[in-house]
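If you want the building blocks of each chain, they are given just below.
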Amino acid sequence: MKKYMALMGAAMFGVVCFSLYLMMESASMNQSRYTDLGKDEVDVIDSKIHQIEADLQKNHKSIDVIKEVVGQLAQGDSRALEKLKNALDIEVHGDAPVPSRIKPNITAISRNVVRVPEGMCSFAETPPAGTDVQMLNVFDHIPFDNPNGGVWKQGFPISYDVSTWQDKPLKVILVPHSHCDPGWIKTFEAYYRDQVRHILNNMVTKLEADSSRKFMYAEISFFSRWWQELDESMKGRVRRLVKSGQFEIVTGGWVMNDEAVSHYSAMIDQMIEGHQWLEHELGVKPKSGWAIDPFGHSPTMAYFLKRMGLKNMLIQRVHYSVKKYLAQTKNLEFLWRQNWDHDGSTDMFCHMMPFYSYDVPHTCGPDPKICCQYDFKRLPGGRVTCPWRVPPVPITNNNVAQKAEILLDQYRKKASLYRNNVVLVILGDDFRYDKPEEWENQFGNYKKLFDYMNAKPDWHVQAQFGTLSDYFDALRERAGTEADDTPTGYPRLAGDFFTYADRDDHYWSGYFTSRPFYKHLDRVAESNLRKAEVLYSLATALSRKQASSTFPASAMLEKIIVARRSLALFQHHDAITGTGKDHVVIDYANMILNGMQNCKTVISVCAHYLLAKDKSQYAHDPSTLYFDVDEQRVAQDSLPQKTVIKLLPEPRTVILYNSLSQERSDIVRLYVSEPFVEVKDPLGNVVQTQTDLFWMNNEESSSDIYKVSFVAQVPALGLSKYTIRKVQEGTNPSATFPVIVMYNAQSTTSITRGPFKIFRKITEEFSIENSDMKVQFSNGGMIKSITTVKDGQVNQVQVQFVKYGTINAKEKSGAYLFLPNGPAQNIDVGNPFIRVVQGALMSEVHVFIPHVEHTVRVCNSPGTSGSSVGIHNIVDIRGESNYEIAMRLMTDIQNSDGQFFTDLNGFQMQKRKMQRKLPLQANFYPISTMAYIQDGQSRFSVMTAQSLGGSSLKTGWLEVVLDRRLMQDDNRGLMQGVKDNKRTDYQFRILLERKLSDAKPLPTQPMGYPSLLGQMSSLDLLHPMHIIPQSQHVTTLTPLEPQYSALTADLPCELHFLNLRTLQIAEGDFTPSQTAALLVHRFAFDCSYPAYGFKCSISGGQFTLEGMLKSPRITKATSTSLSLMYDSHNVDLTTAVQIHPMEINAYKVHLS
Ligand SMILES: [Zn+2]
């Protein structure tokens, strides 16, 4: 009977509303007659009418729901009862006064302040070692006027004096190679099947046919794929070619990684994966780095190659004007020194190629028309031709004299750009040497040319086939340097080679953002892999002590290796860059997703094992996983769905995992089925919670999903067991519920939904705050300013979304290039719907503007999340064409001289300078984890959870490009636009820091350092606390310890536990080795800003390996190079180890 009453009630309400509506409608119809009615009053009446209309519509909907439910009830559907209850639960109080200031009780949170002892900041305070070429100054110096240089269009005419080679003949090293992209136009597997295996098969027979022939190869992903198909005799032949020096592996990474958007930990990982494979299968250690195709070059890569034990490196894609400048000063070969280097220990010998491209027309010398005639794959009748319309001809006795002389002229000109009369000429291109004829044509014709040249003593030339290391060896010999020593007589250069332009104003700053969905997915997967690696290594070591253990060590390692290789592959310069074809992108993403799901399983299994009280009783059953994963993605292109924990009156266990090396007290948010909950910490104390509604759309919330937040305390590198259960309403005094205010809502009525009060108000300015800061918003729902509560100082910080179009010219923006049609335009947000949720632990503002669901979050937390403002955007530009959307932050920070700082690979901060002489797109740089601007008082930082392009175009501004949808190819070989945009989520933190009054002035230097708080906030963003909920169907668990920490004590603030990676015994064997690689990174930081929100001390980078881990312990350690190729010495476990600032130390450790 009751339900029919409800139905009647609702119907009556509808009638009343309708009558009211008619009255208002007639009033508005007659409006024109009341001419003296003020405009404001008319507007108010008008808006009221709209609201009544909306209410009416909504009530019709409610009535429909009630009708439907009644129908379902009649059919005996018990779930309908719950639905009806919710529909009737809403207490409407349209007339109730809306409080003018709605503010929850915010508990003052005390944050731990980290004291920096005297002298611990000397690194940032001391100027770095000097250099001869500083790239930051080079950019000031170069006019970027792009004059026509003749045959070498971007350079200058080269002349030489033949007497140069009188005493020391010109040495020519011709290096045949094939550049194989592990995925680009085709997928990895399709390239392997169609080309790569033929290239490598040919390599063996064609090199064996003539011992003067040479070849080199870089990508271990392909090489290992090929290796799987070889029989033992073939493997033996390959090993012999390697041993004889005819075949060289260069770099030896899994891929030739991108250097702009890849994160340093993934760069190291992909190198370790390749080098470990080489150690197991070939027994070789690469000597030279080879990066001919990444779109710009980072000094981070030079540092890594140096610390991995490589002796030389080569780079190619550098801005044409920079190449010209370095060529004019004979500085194309240099010792690449890190900006932060204090003692010259990072110098890495680097060769920069001088011309436009790595193809044959641009490698023999300055004239592409001539060089193309020496690419014998382009002989007439083949598929490739010379665009300069002079094809190559076969070398014969009749033409060899003339042909050799012309070629030598090119070699001599190229040699004139370098210092030591050795010239490197590479002979190859993408996927070359897949056909036997190509081998014969290239090697056969060059042999004739070289035989002729070498037989002419008055030409003073020695030409030969060689590998990259042959070139560097010859150069050292000429420089009088011992093998493997750093060559002398070369300039020291510091800085980076972004942003790359290959011609005109074609800057490759588009790919810093292209396919941001996958750039984000990559980071999430990387964090999961690191978490899985560390927990797995700890759990496996402990399981070895338990003879009866059923811990699935091999099965889990197999899962981890799948994840390692999928992420290693994705660091390729056409993968993470977003420059592959649509189907290739999907192929990568499916691999990453599979690997990530593997890691989540490993984390759940290992966390359970590590917390198990009695490990001998631990029984692994793959069909029953006791713990679930935190979230899942249904497909490679979908956003994650959080696991909703079904709550019962009996407590459910949730394990929280902190993968960082310091204890964390920060807010954790669970998705649960009930609003009234009780959360207990590992000691059994009830903790304060905040329950939030889960919104299905703007104004409707779910009745079976809620979000519960609480401050969790989890030890360093450790696990904490929390429990959560459903309780009766009003029985948990520690439970809090937020107050919700909506602006520009459909309805005007304020309602109470269970414990939630929802007010609907007319647009106004408002603020949210925690005990540290107050964030003010405009009536459009965007941040206006931030006030630091302690000093009451206000900083203007305006958030704006802007759009770029594409230039109105033949060549437009695409996957690689950013060619905007002028400055960005503001996106008109109109009167957006705004939802403000204010709670005791967390307050959020949700604004729904065109293309963006923008959330700003302020946490009242003792952790780092309480010191910064969180920004979460969900962006969807699928309906737009030739459109790029950016988030711009406009502050009143007075950064002088257009200076701003962006990170390189999350490893170091590079100073940038807005260059007015360059086009807009040239001033965009990769932002991999962080960017900041600063003045004498404050620093304003943006931390990002994914790589994006960004810039500071005006004083006080920082902006990041969020997504780009481009309808056309940009003529760099991809042959398609970027139209596969997704709904993409982005996480940022913004941090406003005030300089300490006693901060020491820092020397003027070309780089910067993050503050300690900035560094910790970035780590928190990249490695959020991991939630491991008890599986739905599991009712009982074997007893668990309340907590586990791997560390004896927290590591010092400046040390980051980068990885603990269990090694493989052999390729294809998943038995875990007893050895794991431990990588510890010491940050350098700027001490000018206060450090608070985390607990740690500063030790000057010191620790002992014996004292580091508690359970398991380190029982043996060997110091090793960064990719584990060169072991140096056994480390005395009890002696303090010292890591220098910025450095990463690697150890091979035994755990037991
Ligand atoms: Zn490539």
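Nothing here was measured: the structure is a model prediction, and the numbers come from that model.

So, the overall build of the protein chain
Reasoning step 1: If you tally the helices and strands in the protein chain, you get 20 helices and 58 strands.
Reasoning step 2: The C-alpha radius of gyration of the protein chain comes to 32 Å, within 12% of the 32 Å expected for a compact globule of 1152 residues.
Reasoning step 3: Relative to its 1152 residues, the protein chain shows a buried fraction of 63%.
Reasoning step 4: Intrachain contacts of the protein chain at a sequence separation of at least 6 include 76% that bridge at least 24 residues.
Reasoning step 5: Split by element, the accessible area of the protein chain, about 42,300 Å² in all, is 50% carbon and sulfur.

Remarks on the state of the cysteines
Reasoning step 1: Scanning the model with the defined rule gives 4 disulfides in all.
Reasoning step 2: Note on cysteine connectivity: Cys 1053 is disulfide-linked to Cys 1096, with sulfurs 2.1 Å apart. Judged by the torsion about the S-S bond (110°), the Cys 1053/Cys 1096 disulfide is right-handed. Of this pair, Cys 1053 sits in the loop between β50 (1043-1045) and β51 (1055-1064) while Cys 1096 sits in the loop between β53 (1091-1092) and β54 (1102-1103), and the two are 43 residues apart along the sequence.
Reasoning step 3: Sequential numbering of the bridged cysteines in the protein chain gives the disulfide pattern 1-7, 2-3, 4-5, 6-8.
Reasoning step 4: This cysteine, Cys 599, is not joined by any disulfide, and Cys 606 carries the nearest cysteine sulfur, 10 Å off.
Reasoning step 5: Cys 599 gets classed as buried once you look at its relative accessible area, which sits at 1%.

Points about the pairing of strand β25 (residues 718-726)
Looking along a regular strand, one sees the side chains alternate between the two faces of the sheet.
Reasoning step 1: Pairing of strand β19 (residues 652-658) with β25 involves 7 bridges; the strand directions are antiparallel. Across the sheet, the residue bridging to Arg 652 is Ile 724, located in β25.
Reasoning step 2: Sheet analysis places strand β21 (residues 677-680) next to β25, joined by 4 bridges and oriented antiparallel. Bridge pairing in β25 places Glu 678 opposite Arg 725.
Reasoning step 3: Here β25 runs beside β50; their pairing, made up of 3 bridges, is antiparallel. Residue pairing across strands places Ser 720 opposite Gln 1043, the latter belonging to β50.

Observations concerning the coordination of the zinc ion
Reasoning step 1: Within the protein, His 179 (NE2), Asp 181 (OD), Asp 293 (OD) and His 573 (NE2) serve as the donor atoms for the zinc ion, at 2.0 to 2.1 Å.
Reasoning step 2: For the zinc ion, the 4 donor atoms in the first shell make angles of 92 to 161° at the metal, a pattern classed as irregular.
Reasoning step 3: Read from N- to C-terminus, the donor residues coordinating the zinc ion fall into the pattern H-x1-D-x111-D-x279-H. Separated by 114 residues along the polypeptide, His 179 in strand β4 (residues 170-179) and Asp 293 in the loop between β7 (288-291) and α10 (299-307) bring together distant segments of the chain. Each member of the pair, His 179 as well as Asp 293, is classed as buried.

Remarks on the packing of helix α7 (residues 220-227) against helix α8 (residues 232-244)
Reasoning step 1: α8 packs onto α7 with a crossing angle of 140° between their chain directions and a minimal axis gap of 11 Å. It follows from the interaxial angle that α7 and α8 lie oblique. Judged by residue contacts, Phe 223, Trp 226 and Trp 227 of α7 engage Met 234, Lys 235, Val 238 and Arg 239 from α8.
Reasoning step 2: Broken down by class, the residue content of the contact of α7 with α8 amounts to 5 nonpolar, no polar and 2 charged.

Brief notes about the UniProt feature "domain: Glycoside hydrolase family 38 central" (unreviewed entry) in the protein chain
Reasoning step 1: Per the UniProt entry, the sites bearing "domain: Glycoside hydrolase family 38 central" (unreviewed entry) are residues 506-592 in this numbering.
Reasoning step 2: Here residues 506-592 runs as 67% helix and 2% strand, with 31 Å between its end C-alpha atoms.

Concerning the nonpolar core
Reasoning step 1: One finds Phe 223, Tyr 411, Tyr 446, Leu 1105 and Met 1108 to be the most contacted residues of the largest nonpolar core, which totals 205 residues.
Reasoning step 2: Top element by residues in this core is helix α18 (residues 582-611). It accounts for 16 residues.
Reasoning step 3: Among residues more than four places away in sequence, those in contact with Tyr 411 are Leu 170, Val 172, Leu 174, Cys 364, Val 423, Val 425, Tyr 446, Phe 450 and Met 453.
Reasoning step 4: Val 114, Met 313, Tyr 418 and Phe 907 belong to the second-largest nonpolar core, a separate cluster that totals 84 residues.

A short note on unusual backbone geometry
Reasoning step 1: The peptide bond linking Phe 498 to Thr 499 adopts the cis configuration, its omega dihedral lying at 0°.
Reasoning step 2: As for its placement among the helices and strands, Thr 499 is situated in the loop between β13 (492-494) and β14 (501-503).
Reasoning step 3: Look at Lys 330: it is not a glycine, yet its phi comes out positive at around 55°.
Reasoning step 4: Counting through the fold element by element, Lys 330 comes out in the loop between α11 (320-328) and β9 (333-337).
Reasoning step 5: A positive phi is found at Asp 504, a non-glycine position, where the angle reads about 45°.
Reasoning step 6: With respect to the helices and strands, the residue Asp 504 is situated in the loop between β14 and β15 (506-507).
Reasoning step 7: A residue is classified by how much of its surface remains accessible, and Asp 504, at 41% relative accessible area, is partly exposed.

Some remarks on empty space enclosed by the protein
Reasoning step 1: Summed over the entire model, instances satisfying the criterion amount to 17 cavities of 30 Å³ or more.
Reasoning step 2: In this model, the largest cavity occupies a volume close to 240 Å³.
Reasoning step 3: For the largest cavity, the lining is made up of 27 residues, of which Tyr 264, Gly 906, Phe 907, Gln 1015 and Phe 1083 are closest to its centre.
Reasoning step 4: Of all the elements in the fold, those that place two or more residues in the lining of the largest cavity are α9 (264-281), β41 (908-913), β48 (1007-1008), α19 (1012-1022) and β51.
Reasoning step 5: In terms of residues, the lining of the largest cavity owes the most to one element, α19, which gives 4 residues.
Reasoning step 6: Split by residue class, the lining of the largest cavity holds 14 nonpolar, 11 polar and 2 charged.
Reasoning step 7: The two domains that each donate at least three residues to the lining of the largest cavity are domain 2 (166-497) and domain 5 (1051-1151).
Reasoning step 8: Empty space within the second largest cavity amounts to approximately 170 Å³.
Reasoning step 9: Lining the second largest cavity are 16 residues, with Ser 265, Ala 266, Asp 269, Glu 526 and Arg 530 sitting closest to its centre.

Section: the pattern of salt bridges
Reasoning step 1: Applying the stated criterion across every chain, the model contains 58 salt bridges.
Reasoning step 2: Of the charged contacts in the structure, one is a salt bridge between Asp 194 and Lys 186, with a shortest N-O distance of 2.9 Å.
Reasoning step 3: On the accessibility criterion, Lys 186 (26% relative accessible area) is partly exposed.
Reasoning step 4: Measuring nitrogen to oxygen at the nearest pair gives 2.9 Å for the salt bridge that ties Arg 725 to Glu 678.

Some remarks on the domain arrangement of the protein chain
Reasoning step 1: The assigned domain composition of the protein chain is domain 1 (53-89), domain 2 (166-497), domain 3 (512-625), domain 4 (643-737 + 1023-1042) and domain 5 (1051-1151).
Reasoning step 2: For domain 2 versus domain 3, the separation of C-alpha centres amounts to 35 Å.
Reasoning step 3: In this complex, domain 2 contributes 28 residues to the contact, which on the side of domain 3 involves 22 residues.
Reasoning step 4: For domain 2, the biggest contributors to the area lost against domain 3 are Trp 184, Val 261 and Glu 273; these three give 26% of the whole.
Reasoning step 5: Across the contact surface, domain 2 and domain 3 share 1 salt bridge.
Reasoning step 6: Between Glu 273 and Arg 565 there is a salt bridge whose closest N-O contact spans 2.8 Å.
Reasoning step 7: At the junction of domain 2 with domain 3, the criterion picks out 12 residue pairs in polar contact (both at pLDDT 80 or more).
Reasoning step 8: Broken down by element, the residue count for the side of domain 2 that touches domain 3 peaks at 6 residues, all from α9.

Let's talk about the sheet that holds β51
Sheet strands associate in pairs through backbone hydrogen bonding, adopting either a parallel or an antiparallel arrangement.
Reasoning step 1: Spatial strand order, β51-β52-β58-β55-β56: 5 strands in an open sheet with antiparallel pairing. Each edge of the open sheet is held by one strand with a lone partner, namely β51 and β56 (1127-1130). When strand polarity is set aside, the average angle formed by the axes of neighbouring strands in this sheet is 30°.
Reasoning step 2: When strand β55 (residues 1114-1120) meets strand β58 (residues 1144-1151), the two strands line up antiparallel, connected through 6 bridges.

Here's the deal with the side chain of Asp 269
Reasoning step 1: The topology assignment puts Asp 269 in helix α9.
Reasoning step 2: Asp 269 sits in the buried class, given a relative accessible area of 18%.
Reasoning step 3: At a separation of 3.4 Å, a polar atom in the side chain of Asp 269 contacts the side chain of Arg 1061.

Parameters and conventions
Residues numbered from 1 in each chain as written. Predicted model: local features only at pLDDT ≥ 70, side-chain atom pairs only at ≥ 80, totals over all residues. Heavy atoms only, no water. Helix = DSSP H or I, 4+ residues; strand = E, 2+ residues; numbered from the N terminus. Rg over C-alpha atoms; globule rule 2.2 N^0.38 Å. Buried < 20%, exposed > 50% of the residue type's maximum accessible area, 1.4 Å probe, protein only. Contact = heavy atoms within 4.5 Å. Areas by Shrake-Rupley, 256 points an atom, 1.4 Å probe, with all protein chains shown as cover. Disulfide = S-S within 2.5 Å. Pairing = 2+ DSSP bridges. Donors = N, O, S within 2.8 Å, 3.2 Å for Na, K, Ca; no water. Tetrahedral: all angles 85-135°; square planar, octahedral: opposite > 155°, others 65-115°. Axes fitted to C-alpha atoms, helices over the stretch in contact; angles between N-to-C directions. Parallel < 35°, antiparallel > 145°, perpendicular 65-115°, else oblique. Nonpolar A, V, L, I, M, F, W, Y, C, P; charged D, E, K, R; others polar. UniProt positions renumbered as here; feature names shortened; annotations may be inferred. Core = buried A, V, L, I, M, F, W, Y, C linked by side-chain atoms within 4.5 Å. 1 Å grid on protein atoms, 1.4 Å probe; cavity = no way out; pocket = protein on both sides within 12 Å on 5 of 7 lines; lining within 4 Å. Points joined across faces, edges and corners; volume = space filled by probe spheres on them. Domains from an automatic or database assignment. Salt bridge = Lys/Arg side-chain N within 4 Å of Asp/Glu carboxyl O. Buried area = accessible area lost by both parts, 1.4 Å probe. Polar contact = N/O pair within 3.5 Å; in protein donor to acceptor, adjacent residues only side chain to side chain.

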